[in-house]
Amino acid sequence: RLSAGYASLDASRPWLCYWIVHSLSILGTRIDAAAADAVINFIGRCRDPDCGGFCGGPYPGQMAHLAPTYAAVNTLVTIGTPAAFELIKGAKLGSFLRAMRREDGAFTMHHDGEVDVRGAYCAIAVATLSGEVEATGPWEDTANWILGCQTYEGGVGATPGEEAHGGYTFCGLAALSLLGAAHRLRLPPLV
């Protein structure tokens, strides 16, 4: 239960797990087995069993969304125990990712949600980490959609035709790197 000062973070609870677990990992500290099990159990409660994605907090009560799915999968991979990997394996992530994919290769962040390059990055990262790349591909249309988000000055916008932004540029470059297609960006104006 979050205190009143943190109530605004209720839909970001897998993110809180990711930031804490990943930060400790970067510092060379692993959480003990009891804490790891508690985090795994909590992340498991955030999984929507019907669609396979993870919600921003315990299900039911919130909808599956690509951003907390990304945070949940990264948290579980960072913990790295058999129980963590079993939760990823049993999550039906491929089904969720396919449901978020649009015909043009872009991804919605959630059912009937916003579309931007973050969705493509989150989907590609989750597919890569969970071993669902082949099951959720082909990715050529997604790579082409991301390439269409690159602006005249080299950065990447949220969607094709929008102004470039540092965060979206990271998402676009990282997504294309995971797909082995970063070389297809116009790199001279980007760097």
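Please refer to the structure higher up on the page.
Residues numbered from 1 in each chain as written. Predicted model: local features only at pLDDT ≥ 70, side-chain atom pairs only at ≥ 80, totals over all residues. Heavy atoms only, no water.

Colleague: What's the story with the packing of aromatic side chains in this structure? I'm lost.
Modeller: The relation between two aromatic rings is expressed through the spacing of the ring centres and the mutual angle of the planes. Considering all chains together, one arrives at 7 aromatic pairs under this definition. On the numbers, 5.9 Å between centres and 75° between planes, the contact of Trp 15 with Tyr 18 is edge-to-face. Here Trp 15 and its partner Tyr 18 are both found in helix H1 (residues 13-26), 3 residues apart, which amounts to about one turn of the helix. On the accessibility criterion, Trp 15 (19% relative accessible area) is buried. When the ring of Tyr 121 is compared with that of Phe 170, the centres are 5.5 Å apart and the planes differ by 70°; the resulting orientation is edge-to-face. Pair noted here: Tyr 121 is in helix H6 (residues 117-130) and Phe 170 is in helix H9 (residues 166-178), with a separation of 49 residues, a long-range link. When its relative accessible area of 11% is taken as the criterion, Tyr 121 is described as buried. For Arg 101, the ring lying beneath its charged end belongs to Trp 139, and the centroid distance is 4.7 Å. (Phe/Tyr/Trp six-rings, centres within 6.5 Å; stacked < 30°, edge-to-face > 60°. Helix = DSSP H or I, 4+ residues; strand = E, 2+ residues; numbered from the N terminus. Buried < 20%, exposed > 50% of the residue type's maximum accessible area, 1.4 Å probe, protein only. Lys NZ or Arg CZ within 6 Å of the ring centre and 35° of its normal.)

Colleague: What is the right way to read the pattern of salt bridges from this model?
Modeller: For side chains bearing opposite charge, pairing can occur when the charged atoms are close. Counting across every chain of the model gives 5 salt bridges. Where Glu 140 meets Arg 184, a salt bridge forms, and the shortest distance between an N and an O atom there is 3.0 Å. With Glu 140 in helix H8 (residues 140-147) and Arg 184 in the loop between H9 and helix H10 (187-190), the pair connects residues that are 44 residues apart, well separated along the chain. Because the salt bridges share partners, they merge into one network encompassing Glu 114, Asp 116 and Arg 118. (Salt bridge = Lys/Arg side-chain N within 4 Å of Asp/Glu carboxyl O.)

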